Structures are given as C-alpha cells and as structure tokens.
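A look at the structure
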Amino acid sequence: MADRHAPRITFVYDPNDRATKQRTMIHLTVNGEPTTVEKAMSVRQLLDTVDVPPNYLAVEVNEEVVPREDYDNHVVNDGDRVEVVTLVGGG
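Treat the numbers as computed from the prediction; the structure is a model and nothing was measured. (Residues numbered from 1 in each chain as written. Predicted model: local features only at pLDDT ≥ 70, side-chain atom pairs only at ≥ 80, totals over all residues. Heavy atoms only, no water.)

As enumerated under the stated definition, the model contains 2 salt bridges in all. Close ionic contact of R44 with D72 constitutes a salt bridge, the shortest N to O distance being 2.8 Å. Of this pair, R44 sits in helix α2 (residues 43-49) while D72 is found in the loop between β5 (64-66) and β6 (75-76), placing the two residues 28 residues apart along the sequence. Judged by its relative accessible area of 43%, D72 falls in the partly exposed class. Among the ionic pairs, E63 bridges to R81, the shortest N-O distance being 3.9 Å. In this pair, E63 is assigned in the loop between β4 (56-61) and β5 and R81 in strand β7 (residues 81-86), connecting sequence segments 18 residues apart. (Salt bridge = Lys/Arg side-chain N within 4 Å of Asp/Glu carboxyl O. Helix = DSSP H or I, 4+ residues; strand = E, 2+ residues; numbered from the N terminus. Buried < 20%, exposed > 50% of the residue type's maximum accessible area, 1.4 Å probe, protein only.)

Structure below.
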C-alpha cells in the first residue's frame, strides 16, 4: 500500500507535450466505480469527461481535497481514486 503521506508530484498538463500524447488508457476509481479514460488529464478535464452531478461541492484525489483553483493543473494518473463530493438534502 502506498504511503498516503508521501509527497505527490503534480505537473502542469500540456496537451501539446509529445510524452503526454503517448500515454494511453488509464484506470481510475471515480466515486467507487472503476473508470477508464484515454490519458492522464487535469481534474477539470476529468469532470468534463465522466458523469458527475452538476451540484458537486468538492473533488478529492487519493483522499486529498483539490482546491477549485487547482483543477486545471492537478493531473489524475493511473490508479488514482477520485471522489466527487455532493450535498444531499434530506429532512
């Protein structure tokens, strides 16, 4: 099991980068469901790619909240666990 407290390396997604383009299918878990996407991508791109509720409040990647201002720069990679947190009303 990976150390949750190990430093995480994040890079800025560059769609024109040849190494980025060569990456193929990656496997993620999104809200507990296995998901496969074409390549490593930013959190914002992932939200546009997978079916998420429009009223989501936060996104966690590997149990760490990703601030909205980092959605364009935080890249999800093979094996990441993504949770899209929503508010559920009740009464």
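Following the structure, the description resumes.
Relative to β7, strand β1 (residues 26-30) is paired through 2 bridges, and the arrangement is parallel. Pairing of T29 across the sheet is with R81, part of β7. Direction of pairing for β4 relative to β7: antiparallel, over a ladder of 5 bridges. When the sheet's bridge partners are listed, Y56 is paired in β7 with T86. (Pairing = 2+ DSSP bridges.)

All right, on to unusual backbone geometry then. Positive phi outside glycine occurs at N31, with the angle close to 50°. Following the sequence through the fold, N31 ends up in the loop between β1 and β2 (33-37). Given a relative accessible area of 33%, N31 falls into the partly exposed group. One non-glycine residue, N62, adopts positive backbone phi at about 55°. Looking at where N62 falls in the secondary structure, it is placed in the loop between β4 and β5.

With that settled, consider the nonpolar core. One broad trend across soluble globular proteins is that nonpolar side chains are buried collectively. Ranked by internal contacts, the top residues of the largest apolar core, which has 20 residues, are V43, L46, L47, V59, V76 and V82. Going through the elements one at a time, β1, α2, β4, β6 and β7 are the ones with two or more residues in this core. Contacts of V82, omitting those with residues within four sequence positions, involve T29, V30, N31, L46, V59, E60, V61 and V76. (Core = buried A, V, L, I, M, F, W, Y, C linked by side-chain atoms within 4.5 Å. Contact = heavy atoms within 4.5 Å.)

On the basis of relative accessible area, N62 is assigned to the buried category, the value being 19%. Taking the C-alpha atoms as reference points, N62 and D80, separated by 18 residues in sequence, lie 6.0 Å from one another.

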